[in-house]
Amino acid sequence: MRILVSCEHSGTAIPQELHEHFDALRHTSAYMPEIESDAYEYGAKWLFDSIAPKISDFSLSSEISPAVVDLDGSISNGTALSEHTSKLSAQKAGQIIRDHYLPYLMQFEEKIEEYTSEGETVLLVGLHTFKPITNNIPQGLDIGLIFNHNDNVERSLALRIKRSFEKSAPWLRVRFNAPHKVKEDGFTNRMRQMFCCNFIAIEIEVGENVIFPTGIKQVTDVICTTLEKWREEL
């Protein structure tokens, strides 16, 4: 059993070759001060750094800002480039895809192929954070577990994680397939479609309200302990 950990929206870096483009955006009437952090998930990198070293056989988080490229987006659906880079020339857009989008995906693809070809089962854990209040409406949860409800193994794992939280941190509200359902063109689901055998995936969404030292430790302890015990039993 191998565990891979990913984190697609943890980066803030703007590549050097795009500084001029983003500098120009800063001086337009449409410029928003938070442009570099569009879709950036506050605390996602802290969550990744707390969990990945403890449980993963391979892990990778993004250093590039989602304002440049969305690693949880899709080339075919036109969601890989952000609203700020999708209008660039075909040459520059292609360079972003080649330099920053494909390498991230390919490293996971190669690892999954390597492990599954050896007969190993692979679990991909995607880590994300979300805003607890959206459009002035509370989300009503602290932890979200995103999985394919038609997959018995994924459903069983999600239930196990939920029960672990209920036992060890009952004050945290855990919901299934919230604050969103499985994204058809999302990173983890594309991996599901590519590797249908010996592969399962789950995304763990943590509310930004939980992203403080004690909160991260509680979440990390429950997730790591549960996954390690689950791995030992397989």
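Given the structure is predicted, the values throughout are model-derived calculations rather than measurements.

Chemist: Honestly, the pattern of salt bridges in this entry has me stumped. Any pointers?
Modeler: Where side chains of opposite charge bring their charged atoms close, a pairing between them can arise. Tallied over the entire structure, the rule returns 13 salt bridges. Taking the shortest distance from any N to any O, the salt bridge between Lys162 and Glu166 comes out at 2.6 Å. A residue pair is termed a helical-turn pair when its members lie 3 or 4 positions apart in one helix, as Lys162 and Glu166 do in helix α4 (residues 152–168) at 4 residues. One network of salt bridges, with partners in common, ties together Arg2, Asp57, Glu120, Glu228 and Arg231.

Chemist: Just checking my understanding: could you explain the sheet that holds strand β6 (residues 143–146) for this structure?
Modeler: Strand pairing within a sheet occurs via backbone hydrogen bonds; the two strands may be parallel or antiparallel. Ordered in space as β2-β1-β3-β8-β6-β7, the 6 strands form an open sheet in which the pairing is mixed. The open sheet terminates on both sides in strands that have one partner only, identified here as β2 (58–61) and β7 (174–176). Adjacent strand axes in the sheet meet at a mean angle of 20 degrees, parallel and antiparallel pairs treated alike. Pairing analysis gives 9 bridges linking strand β3 (residues 122–130) to strand β8 (residues 199–207), with the strands arranged parallel. Across the sheet, Phe130 pairs through a bridge with Gly207, a residue of β8. Together, β1 (2–7), β2, β3 and β8 form the strand contacts of helix α3 (residues 90–117), whose direction differs from that of β1 by roughly 170 degrees.

Reading the values: rules and limits
Residues numbered from 1 in each chain as written. Predicted model: local features only at pLDDT ≥ 70, side-chain atom pairs only at ≥ 80, totals over all residues. Heavy atoms only, no water. Salt bridge = Lys/Arg side-chain N within 4 Å of Asp/Glu carboxyl O. Helix = DSSP H or I, 4+ residues; strand = E, 2+ residues; numbered from the N terminus. Pairing = 2+ DSSP bridges. Axes fitted to C-alpha atoms, helices over the stretch in contact; angles between N-to-C directions. Contact = heavy atoms within 4.5 Å.

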